[in-house]
Structure formats: C-alpha cells, structure tokens
Amino acid sequence: MSELPREQWGSRLGFILAAVGSAVGLGNMWRFSYLAAENGGAAFLVLYIAMVALVGLPVMLAEFVIGRGSGRSPMQALAHFGGNGWRPLGGLFIASGFVILAYYSVIAGWTLRYAIEGAVAGFGGDAEATFGAVASGTPAILWHLVFMAITVFVVAGGVKKGIERTALILMPLLFAIVIGLAIYASTLDGAGAGYTYYFDTSFAEILSADVLKDAAGQAFFSLSLGMGAMLTFASYLSRENHLPNESVFIAGSDFAVAFIAGLVVFPMVFAFGLGDAVSGSTVGALFITLPTAFSEMGGAGRVVGFMFFASLVVGALTSAISLLEVVVSSAVDGLGWGRRSAAIVAGCAIAALGIPAAWNTDILGLMDQIAGNFFLVAGGLALSVFTGWIMTEAMEEAGVGAPGVRWFGLWRGLLRFVVPVILSFVLYHTAVDTWKAIAGFIR
Ligand code: PFF
C-alpha cells in the first residue's frame, strides 16, 4: 500500500474537464456519426439519448459515488463497499483499460500522422492508398508508440500537474475547433445534402435488437463507462462535489460534441459528392473520405484538415489518459508502486499489446469487439447490480454534497431493475456478436 496521501484535483473545473476529456474522444468524432447515419438518422439520436438517460447516467453516477466514497482505485473501491468477492470486477476493469488503450492508441497514432503530414504536405494524392500506408506495418507501429509515449508522459506528471492541466488547456481548444469546423461546413455549397442524410428519420429502423445494442454499446464507450475510468477520476475528489449535477453536465457535453461532430462530417462529405463512401465502412468516413474532401477544398483544405485531425488527436489523448490512469492508479494503490514507474511499466506493456493491432486492422477490430463492446457492457451490468443491490451506502454517499436532490430513489430503482434488464439483453446480443467475431477470426 502506498503511504502517501492520495492526490486530489486542484479545482472543480479541472475534474469536470478531465472527465469530459475522458468521454469525448474518437468515439464521438467518428463512431457516433457513422452509427447515426447507418441506423435511422434522427431516430437513432432519440434512441441514443434515451440510452444515455436511462442507462448511461445512472451508471456514471454509480461510478462517481463508488470512487469518491472510497477514495480508492477500482479493485479496492469495490472491496471497500462490497467485500473481497467483488475484487475480480476491478480486475475486469483493469483488463478493459489495458486492451482498449492498446488499440485506441493505434487509431490515435493514425490521426496524429494525418494531422502532422496534412499540415506539412496537404491532403492530396490517392486517399485510399494513403490510408493503407498509414494503417499498417511499421509506420503504424511507430506512430502508435509515439502516441503512447505522450500519454505516459502526461499520466506520469500526476493528477493535478499532468491530467488536470492537460484537460484545462486542451478541452476548451477542442470545443472551439469543433464548433468552428461545424460553422465552416455549413457555408459549403451542397452542405444541405449532408444534413438531409444525417437527419433522415426512419423510426422503423430503431425498433430492432441490433440498433438497441449499438445505441447502448455506443453510450457506454462514449461516456467511458463500465471499466472504472470515471470511478478512478472520482476517487481524487473531495466530498463537496455535487455528483448528480456533474454527471448530467458531463453526459450532456459528451452528447453535444458527438452531435456537432456529425454537423462537421456529413456536410463536408456530401458537399463534395462523397456520400456513397460513408455507408461503405466504419473507417472509411473518417480516414478516406474526409481527406478526399480536404484535398478538394483547395487552399482552405489544409487548414481545415489539420484542425479536424488535431481535434481528433486532442480528444484521443484526453481519453487515453483516463484509460491509462485506471491501470496506473491500480498499480499505485494495490502494489504500492510510485506513479512514475507505474505509468512507464503499464505504458510499455500496453504499447506492446497494441503492436499486433497496429500491424493488422482485423486484430484491432477484434480487440474493439471484445473489450470495447463486450467488457464494457458486462462491467456496466455488474456495476449496476453492485450499486443497486449490494452497496448499502449508495444513496447516502450520492447525497453528500448534493442536498435537496429528490430523485436518488429513482436512481436506485433504475440501477436495480431497468439498467440490469436492458444491459442483460444487450449483453446477450453483444456476446453473440463477439463469439462470431472470434470464430471468424480463427477461421
Ligand atoms: N470515451 C472515449 C471515446 O468516446 O472515444 C473512449 C473511452 C475512454 C472508453 C475511456 C472507455 C474509457 F474508459
């Protein structure tokens, strides 16, 4: 056990921006708009908002309450409120952080390379061939290692001087860039076709298990839930924070960035007649179609393209920091390691695990399916049962710093009944998908 007093956030804003930074990332900028377009446009938005409100918010508040109440990293926090039998759940969280960061950093490495090379040389050339060269082999490994090194550097700097300071600088910048890009996109000739595609509503499409599964999985991934990232960040809080308000603000900001990213991506893609490519593949919209659009914008394209990829890098970095922090804080609390050595050792191990994903995007996809989908939903289900049924202090802890809130009973009810039912259903369908993905990979 570490004997030092636990680190704390320097300010309320610092914690909030770090948590928003964890939530806002590659998931918002690309996965969300793609899913919305594929699954019924505006109707998917409605379903997604419902999932965030019914499942995401209750689980986020649960993570905050467990983290702040215990002042510990996941394994010890769960043991503190539920006994040692709950430690393995903390182990699942650490495994999720490990695997998700390993492939997340690979994609972040691609975006870093696009940002830098685009700024230096522009976005011309064969976009598909460029993407092929960026996303495979030794170059992909090298940029992944560069991104991991930056992440390790920030986390090694500590909660206040590393994580909080980075979020305070980068998050306002990210908001400004994304809003600026959305305004620019609206001035393009032909932007209207993009909005039509984005908001094309087909309520019939959301009435399927697949879409529900996608919406719930996306809510978990985007809000950084189900693997103790929010729990860990909350463990550095003092007891004054109003956790219910904080949760609503963080989830709202995350949705706002995802929504606005859609207002950037679709008008740009459709203004240049590239709409067909969007529905083709998940990666396509971002890494092949958009550079094509940037190259057709002429002189402005280089600036706009750089800004776009820079905002992705920023979003990815603040998310990667939270993924690494789950592992690092666990090593500090559980093994008594110093923060800096924990960050370096964990960072090297995760970087090594990411190398196969950098080498081959099929491996990357498999890791995303297993950890990014299955582990998070499983973790969220277990957390809701834990907080709803096991942790007797839950309501009391949630009320600390939040006098006068009248809906904690509703919160508990959601965690006990609604969240487990929805997530069991989603977990079943995700398990089937994951099984198919593994079988397909082995074959
Ligand atoms: N929320 C991040 C995104 O949307 O890109 C990804 C993520 C970060 C997932 C941290 C889970 C996590 F713990």
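Residues numbered from 1 in each chain as written. Predicted model: local features only at pLDDT ≥ 70, side-chain atom pairs only at ≥ 80, totals over all residues. Heavy atoms only, no water.

K.L.:
Please explain the packing of helix α9 (residues 191-199) against helix α12 (residues 243-271) as it appears in this structure.
P.N.:
How two helices sit against one another is set out by the angle between their axes and by the gap between those axes. One can describe the packing of α9 onto α12 by two numbers: an axis separation of 7 Å at closest approach and a directional angle of 130 degrees. Classified by the angle their axes make, α9 and α12 are oblique. Crossing of α9 over α12 shows right-handed handedness. On α12, the residues touching Ala 191, Ala 193, Gly 194, Tyr 195, Tyr 197, Tyr 198 and Phe 199 of α9 are Ala 258, Phe 259, Gly 262, Leu 263, Phe 266, Pro 267, Phe 270 and Ala 271. Of the residues assigned to the contact of α9 with α12, the class counts are 13 nonpolar, two polar and no charged. (Axes fitted to C-alpha atoms, helices over the stretch in contact; angles between N-to-C directions. Helix = DSSP H or I, 4+ residues; strand = E, 2+ residues; numbered from the N terminus. Parallel < 35°, antiparallel > 145°, perpendicular 65-115°, else oblique. Left-handed = near helix turned anticlockwise from the far one by under 90°. Contact = heavy atoms within 4.5 Å. Nonpolar A, V, L, I, M, F, W, Y, C, P; charged D, E, K, R; others polar.)

K.L.:
Explain the nonpolar core here, please?
P.N.:
Soluble, globular proteins show a tendency: their nonpolar side chains are buried together. The biggest cluster of nonpolar side chains holds 162 residues, and the ones touching the most others in it are Trp 110, Met 268 and Phe 308. Top element by residues in this core is helix α15 (residues 299-335). It accounts for 17 residues. (Core = buried A, V, L, I, M, F, W, Y, C linked by side-chain atoms within 4.5 Å. Buried < 20%, exposed > 50% of the residue type's maximum accessible area, 1.4 Å probe, protein only.)

K.L.:
Looking at this structure, I do not really get the site of the ligand. What am I missing?
P.N.:
Close to the ligand lie 15 residues; Ala 23, Gly 27, Tyr 104, Phe 221 and Met 227 are nearest. Ser 22 places a polar main-chain atom, nitrogen or oxygen, 3.1 Å from a nitrogen atom of the ligand. The contact in question runs from an oxygen atom of the ligand to an N or O atom on the side chain of Tyr 104, over 2.5 Å. Here the ligand has 340 Å² of accessible area as a free molecule, and 100% of this is covered by the chains. Contributions of two or more residues to the shell around the ligand are made by α1 (12-23), α2 (26-38), α10 (209-222) and α15. Considering only residue class, the shell around the ligand consists of seven nonpolar, eight polar and no charged. (Near = heavy atom within 4 Å. Polar contact = N/O pair within 3.5 Å; in protein donor to acceptor, adjacent residues only side chain to side chain. Areas by Shrake-Rupley, 256 points an atom, 1.4 Å probe, with all protein chains shown as cover.)

K.L.:
I would appreciate a short explanation of the packing of helix α16 (residues 339-359) against helix α17 (residues 361-390) in the present structure.
P.N.:
Relative to each other, α16 and α17 sit at 125 degrees, their axes nearing to 5 Å. Judged on the interaxial angle alone, α17 and α16 are oblique. Mapping the contact onto sequence places Leu 353, Pro 356, Ala 357 and Trp 359 in α16 and Thr 361, Ile 363, Leu 364 and Met 367 in α17. Here the residues of the contact of α16 with α17 sort into seven nonpolar, one polar and no charged.

K.L.:
Help me understand the environment of Tyr 103 in this model?
P.N.:
Looking at the secondary structure, you find Tyr 103 in helix α5 (residues 87-121). Filtering out sequence-adjacent residues up to four positions away, Tyr 103 remains in contact with Phe 221, Ala 357, Leu 364, Met 367, Asp 368 and Gly 372.

K.L.:
I'm lost on helix α3 (residues 42-70) in this one. Help?
P.N.:
For an α-helix, 3.6 residues make a turn, and residues three or four places apart therefore share a direction. Across its 29 residues, α3 extends 40 Å between first and last C-alpha, which sits within 8% of the 42 Å expected from 1.5 Å per residue. Maximum bend of α3: about 40 degrees, positioned at Gly 56, with proline Pro 58 one to four residues after it. α3 sits mainly inside the fold: 23 of its 29 residues count as buried. Once α3 finishes, Gly 71 follows within two positions and takes phi at roughly 60 degrees, a positive value. (Expected span 1.5 Å × (residues − 1). Bend = angle between axes of the 7 residues up to and from the residue.)

K.L.:
How should I be thinking about α17 in this particular structure?
P.N.:
Over its 30 residues, α17 extends 40 Å from the first C-alpha to the last, a length consistent with the 44 Å expected when each residue adds 1.5 Å. Along α17, the largest kink reaches about 30 degrees and is centred on Phe 375. At the N-terminal boundary of α17, the capping side chain belongs to Asn 360, with an oxygen 2.7 Å from the backbone nitrogen of Asp 362.

K.L.:
Help me understand the pattern of salt bridges in this model?
P.N.:
Between side chains of opposite charge, a pair can form as their charged atoms come close. Taken as a whole, this structure holds nine salt bridges when the rule is applied. A salt bridge links Arg 113 to Glu 117; its shortest N-O distance comes to 3.0 Å. Residue Arg 113 and its partner Glu 117 are located together in helix α5, separated by four residues, close to a single helical turn. Residue class for Glu 117 comes out partly exposed when judged on its relative accessible area of 35%. Residue Glu 397 pairs with Arg 239 through a salt bridge whose shortest N-O separation is 3.4 Å. Placement of Glu 397 in helix α18 (residues 394-399) and of Arg 239 in the loop between α11 (229-234) and α12 is noted, with a sequence separation of 158 residues between them. The exposure class assigned to Glu 397 is buried, which follows from its relative accessible area of 12%. One network of salt bridges, in which partners are shared, links Arg 6, Arg 72 and Asp 333. (Salt bridge = Lys/Arg side-chain N within 4 Å of Asp/Glu carboxyl O.)

Function cannot be read off these values alone, since they describe shape.
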